[in-house]
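Coordinates in review
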Amino acid sequence: MVERVSKALMRAVGTTLEQMVFMEVLASVEACSRKAGDDVWAILDIHKPFSGRMGLVMPAELVNNILDGVFTEPPAFGEEPPEEPSFTDQQREDTVAELLNTVAGQLLALLVPEDNTFKLGVPERGSGDYPGLEQSDCYCFQAGEKEFCVEVRGDAFLTR
Amino acid sequence: MKIVIADDSATARMVVKRCLEIAGFYDAEFVEAGNGREALQKIRESEPDMVFTDLTMPEMDGMEMLWSIRQEDDYKALPVVFITSANNPAKEVELKELGAFAVLAKPLNPAELAEALRPLIPQTGGSKGW
């Protein structure tokens, strides 16, 4: 992946998870080692100013931790913490779709000149096997000791 | 204070609520909508003090929702804040020309939110000032 794009993606992913769900993100320095498992994923199209696609795939356990931080109220002083919360596939998929939507916006804001507008599609989402993007670059990260991946496809990402 | 939050993502709506609470709006009553059409209905039913909306939503997007409420005399001055991932200076100009009070980028930052809402605070202290 072009270095400028990979640096912008790291910044976009880091800013999104830190500000949205208060999680620190690290870039994986080695080749992506995560294996397919109990995953939650989202894919969205970039329509303007160029055509492209982005995908985000996360292990369900990581998404549950994110949801816990967003939706669960901390116990009041002296109270016991609530029992292990359970979240639905719909909640997990909604969260991953929203994270991808935000990462994509942040990435384009870093790459696209200020006088251009950009337009993103509505994310496709799912649980289980991630369909993946053909002819894409995969970039892996770690948050909460779990690995997740962002895929980027589009000629414009290779030339910027 | 009553605040309508429109976004097709329940996670995004919760993040906006949390940021508003951190920014000082912890006593606000939040009314949620999953798209622009639903937001229009909730605005007419609840008479909010402010509206926070995403841009891209199914059925009716944020721009069409804003245009619609600005056609009604009762809502010509209702503060509408866009919180969108598809934000850059060009889009911000476009939305403000349509009548948006402020345009903020996702991920929402409570400090930026508080700063953007500062002009509204003296007017919205417990009663409608818009």
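Small disclaimer: the values here were computed from a predicted structure and weren't measured. (Residues numbered from 1 in each chain as written. Chains lettered and ligands numbered in written order. Predicted model: local features only at pLDDT ≥ 70, side-chain atom pairs only at ≥ 80, totals over all residues. Heavy atoms only, no water.)

The next thing to look at is the overall build of chain B. When helices and strands are counted, chain B shows five helices and five strands. Seen in sequence order, chain B has helices and strands lined up from the N terminus as β-α-β-α-β-α-β-α-β-α. A globule of 130 residues ought to have a C-alpha radius of gyration of about 14 Å, and chain B, at 13 Å, matches this closely. For chain B, the C-alpha atoms occupy an extent of roughly 30 × 30 × 25 Å along the three principal directions. The contacts in chain B between residues at least 6 apart in sequence include a share of 61% that link residues at least 24 apart. (Helix = DSSP H or I, 4+ residues; strand = E, 2+ residues; numbered from the N terminus. Rg over C-alpha atoms; globule rule 2.2 N^0.38 Å. Contact = heavy atoms within 4.5 Å.)

Residues and elements named next belong to chain B. Of the residues in chain B, 93% reach a pLDDT of 70 or more, and the chain-wide mean stands at 89. For the stretch residues 124–130, pLDDT sits under 50, and the model shows 14 contacts to residues farther than four places along the chain or on other chains. Two numbers describe this predicted complex: its pTM, 0.87, and its ipTM, 0.82. (pLDDT = per-residue confidence, 0-100.)

Below, the discussion takes up the environment of V122 of chain A. Mapped onto the elements of the fold, V122 of chain A is located in the loop between β4 (119–120) and β5 (124–127). Taking C-alpha positions, V122 of chain A is 43 Å from G78 of chain A, a pair spaced 44 residues apart along the chain.

This next bit is on the interface of chain A and chain B. In this complex, chain A contributes 27 residues to the contact, which on the side of chain B involves 22 residues. For the pairing of chain A and chain B, the buried interface totals around 2,000 Å² over both sides, and the portion due to carbon and sulfur atoms is 54%. The largest contributions to the chain A side of the interface with chain B come from Q19, E98 and F118 of chain A, which together make up 24% of the buried area. Residue K106 of chain B pairs with E98 of chain A through a salt bridge whose shortest N-O separation is 2.6 Å. Taken together, the links from chain A to chain B amount to seven residue pairs in polar contact (both at pLDDT 80 or more). Of all the elements in the fold, those that place two or more residues in the side of chain A that touches chain B are α1 (3–21), α2 (60–71) and α3 (89–111) of chain A. Among the elements that line the side of chain A that touches chain B, the one with the most residues is α3 of chain A, at nine residues. Here the residues of the side of chain A that touches chain B are counted per class, giving nine nonpolar, 13 polar and five charged. (Buried area = accessible area lost by both parts, 1.4 Å probe. Salt bridge = Lys/Arg side-chain N within 4 Å of Asp/Glu carboxyl O. Polar contact = N/O pair within 3.5 Å; in protein donor to acceptor, adjacent residues only side chain to side chain. Nonpolar A, V, L, I, M, F, W, Y, C, P; charged D, E, K, R; others polar.)

With that out of the way, let us pick up the pairing of strand β1 (residues 2–6) of chain B. Residues and elements named next belong to chain B. Burial within β1 is extensive, with four of its five residues counted as buried. Across five bridges, β1 lies against strand β2 (residues 29–33) in parallel orientation. Among the inter-strand pairings, K2 is bridged to a residue of β2, identified as E29. The parallel pair β1 and β2, bridged by helix α1 (residues 10–22), forms a crossover whose chirality is right-handed. Strand direction decides the pairing type here: β1 and strand β3 (residues 50–53), joined by four bridges, are parallel. Within β3, the position partnered with I5 by the bridge is F52. (Buried < 20%, exposed > 50% of the residue type's maximum accessible area, 1.4 Å probe, protein only. Pairing = 2+ DSSP bridges. Right-handed = clockwise from strand over helix to strand, strands pointing away.)

Glancing now at the environment of A10 of chain B. Among the secondary structure elements, A10 of chain B is positioned in helix α1. Of the residues examined, A10 of chain B reaches a relative accessible area of 30% and is grouped as partly exposed. Residues within four places of A10 of chain B in sequence aside, it is in contact with F71 and D94 of chain A.

All names here are of chain B. Spatially, β2-β1-β3-β4-β5 is the arrangement adopted by the five strands of the open sheet, whose pairing is parallel. The open sheet has two edge strands, β2 and β5 (102–105), and neither has a second partner. Neighbour to neighbour, the strand axes of the sheet diverge by 20 degrees on average, direction disregarded. (Axes fitted to C-alpha atoms, helices over the stretch in contact; angles between N-to-C directions.)

Before going further, it helps to examine the pattern of salt bridges. Residue and element names in this part refer to chain A. The tally for this structure, following the rule as stated, stands at 16 salt bridges over all chains. Here E124 makes a salt bridge to R53, at a shortest N to O gap of 3.8 Å. With a gap of 71 residues between them, E124 in strand β5 and R53 in strand β3 (residues 52–59) connect regions that are remote in the sequence. Looking at E124, the relative accessible area reads 41%, which means it is partly exposed. Residue D89 is joined to R92 by a salt bridge in which the shortest nitrogen-to-oxygen separation is 2.9 Å. Taken together, the positions of D89 and R92, both in helix α3 and three residues apart, correspond to about one turn of that helix.

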